[in-house]
Amino acid sequence: VIAYNPYDATGTADWADITKGVQNLKANGASVVNMSLGVPGTTFDKGWNKVLTDLSVMLTLKNTVFVMAAGNDGVTQTQNVEWNILNPAFIVVGSVDVEGNISNFSNRPGEACLTTFGLCLGDRLKNHFIVAPGELILVSDGNGGVTRQIGTSFAAPLVSGAIALLHDRWPWLANFPRETTKVILESAKDLGAPGVDGVYGHGLLDVTASQSPLDFNKLIFFTVENG
């Protein structure tokens, strides 16, 4: 587990700082990158496309899953985001309360599109969105005790942890980031409107379900004889 702080002494960072952070994490072999940062007022900012298409990092990201906290402005994304189809797999994570309702502070995906050359070809932000507990999360207070916190920055690491468990159980999946995100998203518990929606995305993270095959009827078994 590697931590990287892109912020300067004023508590701010720009996309160049974040690009440097991605380079640093990949140089240390990270296969799952958890991001708790963004641009106020957006669930998923267009700046991510700039980071992930940077030539200095683009060729190193093929085995990486990015998990981004959705942000805590309570907004619904309306702005489309220009997106390179070669960009790595990613999941944006919102927060729910203890009863599974979307947190009032959690940003939401809405019906925003990931566009290609300005065209919406059907890939929407909600297709990459999931929610996880983000209220009353028990964390260290930094002084040897514990405290409770709220925010999507506490929901996102739960998804990153679920991915780490998935890769620990089936190590070969680490080389298949898109399949990894498919497992996490499609094993989620549906919330809100039936199917993928603009508030909960795929729904609530289900760690237990993500550790099992999505469809037992489609399992293929291999046997080995004589080596």
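Since we're looking at a predicted model, the values are computed, not measured.

Observations regarding the overall build of the protein chain
- In terms of regular secondary structure, the protein chain is built from 6 helices and 8 strands.
- The N-to-C order of helical and strand elements in the protein chain reads α-β-α-α-β-β-β-β-β-β-β-α-α-α.
- At 18 Å, the protein chain has a C-alpha radius of gyration in line with the 17 Å of a compact globule built from 227 residues.
- For the C-alpha atoms alone, the extent of the protein chain along its principal axes is close to 65 × 50 × 45 Å.
- With 227 residues in all, the protein chain has 43% of them scored as buried.
- Total accessible area on the protein chain is roughly 12,300 Å²; 55% of this is exposed by carbon and sulfur atoms.
- Counting 14 positive and 21 negative side-chain charges, the protein chain places the averaged centre of each group 4 Å from the other.

Thoughts on the environment of Val-75
- As for its placement among the helices and strands, Val-75 is situated in the loop between β2 (65-69) and β3 (81-82).
- Measuring from C-alpha to C-alpha, the distance between Val-75 and Leu-185 comes to 22 Å, with 110 residues separating the pair along the chain.

Description of the state of the cysteines
- One pass over the structure, following the stated rule, counts 1 disulfide.
- Two residues, Cys-113 and Cys-120, share a disulfide whose sulfurs are 1.7 Å apart.
- For Cys-113, a relative accessible area of 1% gives the class buried.

Considering the nonpolar core
- Core analysis: the biggest nonpolar cluster contains 30 residues, and Met-35, Phe-44, Trp-48, Phe-66, Trp-83, Phe-90 and Val-131 have the highest contact counts within it.
- If you list the elements that add at least two residues to this core, you get α1 (15-27), β1 (32-35), α2 (47-52), β2, β4 (89-96) and β6 (129-133).
- With 4 residues, α1 is the largest single contributor of residues to this core.
- In contact with Phe-44, other than residues within four places in its own chain, are Met-68, Gln-77, Val-81, Trp-83, Phe-90, Val-92, Leu-114 and Leu-125.
- Membership of the second largest hydrophobic core comes to 19 residues, among which are Val-67, Ala-155, Ala-156 and Ala-162.

Focus on the packing of aromatic side chains
- In the structure shown here, the tally under the stated rule is 5 aromatic pairs.
- Their ring planes at 70 degrees and their centres at 5.1 Å tell us that Trp-15 and Trp-48 sit as a pair that is edge-to-face. Remark: Trp-48 occurs in helix α2 and Trp-15 occurs in helix α1; sequence separation between them is 33 residues. Across this residue pair, the class does not change: Trp-15 and Trp-48 are buried.
- Every member of this aromatic cluster is reached through a ring pair, and the members are Phe-44, Trp-83 and Phe-90.

With respect to the pattern of salt bridges
- Within this structure, the stated rule accounts for 2 salt bridges.
- Close ionic contact of Glu-111 with Lys-126 constitutes a salt bridge, the shortest N to O distance being 3.0 Å. One end of the pair, Glu-111, is in the loop between β4 and β5 (114-115); the other, Lys-126, is in the loop between β5 and β6, with 15 residues separating them in the sequence.
- We classify Glu-111 as partly exposed; its relative accessible area is 42%.
- Residues Glu-186 and Lys-182 are paired through a salt bridge, measuring 3.0 Å at the closest nitrogen-oxygen approach. Of this pair, Glu-186 and Lys-182 are both found in helix α5 (residues 177-186), 4 residues apart, which corresponds to roughly one turn of the helix.

Cut-offs and rules
- Residues numbered from 1 in each chain as written.
- Predicted model: local features only at pLDDT ≥ 70, side-chain atom pairs only at ≥ 80, totals over all residues.
- Heavy atoms only, no water.
- Helix = DSSP H or I, 4+ residues; strand = E, 2+ residues; numbered from the N terminus.
- Rg over C-alpha atoms; globule rule 2.2 N^0.38 Å.
- Buried < 20%, exposed > 50% of the residue type's maximum accessible area, 1.4 Å probe, protein only.
- Areas by Shrake-Rupley, 256 points an atom, 1.4 Å probe, with all protein chains shown as cover.
- Lys, Arg positive; Asp, Glu negative; His and termini not counted.
- Charge placed at Lys NZ, Arg CZ, Asp CG, Glu CD.
- Disulfide = S-S within 2.5 Å.
- Core = buried A, V, L, I, M, F, W, Y, C linked by side-chain atoms within 4.5 Å.
- Contact = heavy atoms within 4.5 Å.
- Phe/Tyr/Trp six-rings, centres within 6.5 Å; stacked < 30°, edge-to-face > 60°.
- Salt bridge = Lys/Arg side-chain N within 4 Å of Asp/Glu carboxyl O.

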